[in-house]
Amino acid sequence: MPTTSGLLPPPEFLSTPGQPPRPWKQWYRQFQNYVVAAAFDFPAERKRAILLQSGC
């Protein structure tokens, strides 16, 4: 579902138990790009909370 920025967030890192669909470093880089592209200018603590909420 698109956010107010119009961008789709990356898929959950591990939506079901087992092997992740993509390596952590690749997923995390995609997440970081999403945060920058969406112009989220949040404190580090809030960015961490968004990351944790993303299915990690």
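Residues numbered from 1 in each chain as written. Predicted model: local features only at pLDDT ≥ 70, side-chain atom pairs only at ≥ 80, totals over all residues. Heavy atoms only, no water.

A. Just the overall build of the protein, in detail. Within the protein, the secondary structure is distributed over two helices and zero strands. Counting all 56 residues of the protein, 18% fall into the buried class. Sequence-distant contacts, at least 24 apart, represent 40% of the contacts inside the protein between residues at least 6 apart. (Helix = DSSP H or I, 4+ residues; strand = E, 2+ residues; numbered from the N terminus. Buried < 20%, exposed > 50% of the residue type's maximum accessible area, 1.4 Å probe, protein only. Contact = heavy atoms within 4.5 Å.)

B. Main features of the packing of aromatic side chains. Tallied over the entire structure, the rule returns six aromatic pairs. Ring geometry for Y28 versus F31: centroids 6.4 Å apart, planes at 25 degrees, classification stacked. Residue Y28 and its partner F31 are located together in helix α1 (residues 24-37), separated by three residues, close to a single helical turn. Since its relative accessible area comes to 30%, Y28 is described here as partly exposed. (Phe/Tyr/Trp six-rings, centres within 6.5 Å; stacked < 30°, edge-to-face > 60°.)

C. Focus on the nonpolar core. The biggest cluster of nonpolar side chains holds seven residues, and these are F13, W27, F31, Y34, V35, A38 and L51. Considering every element that reaches this core, the biggest residue donor is α1, with four residues. (Core = buried A, V, L, I, M, F, W, Y, C linked by side-chain atoms within 4.5 Å.)

D. Spatial organisation of the environment of P9. Relative to the elements of secondary structure, P9 occurs in the segment before α1. Each C-alpha atom, one on P9 and one on A38, is 9.1 Å from the other, the two residues being 29 residues apart in sequence.

E. Focus on α1. For α1, with 14 residues, the first-to-last C-alpha span of 20 Å sits near the 20 Å given by 1.5 Å per residue. Residues W27, F31, Y34 and V35 constitute the buried set of α1. Here the buried residues of α1 occupy an arc of 100 degrees about the axis, which is enough to place them on one side. Among the exposed residues of α1, those oriented more than 90 degrees off its buried face are K25, R29, V36 and A37. Summarising the contacts, the buried residues of α1 are in contact with α2 (44-53). Looking one or two residues past α1, A39 carries a phi angle of roughly 60 degrees, positive in sign. (Expected span 1.5 Å × (residues − 1). Arc of directions from axis to C-beta.)

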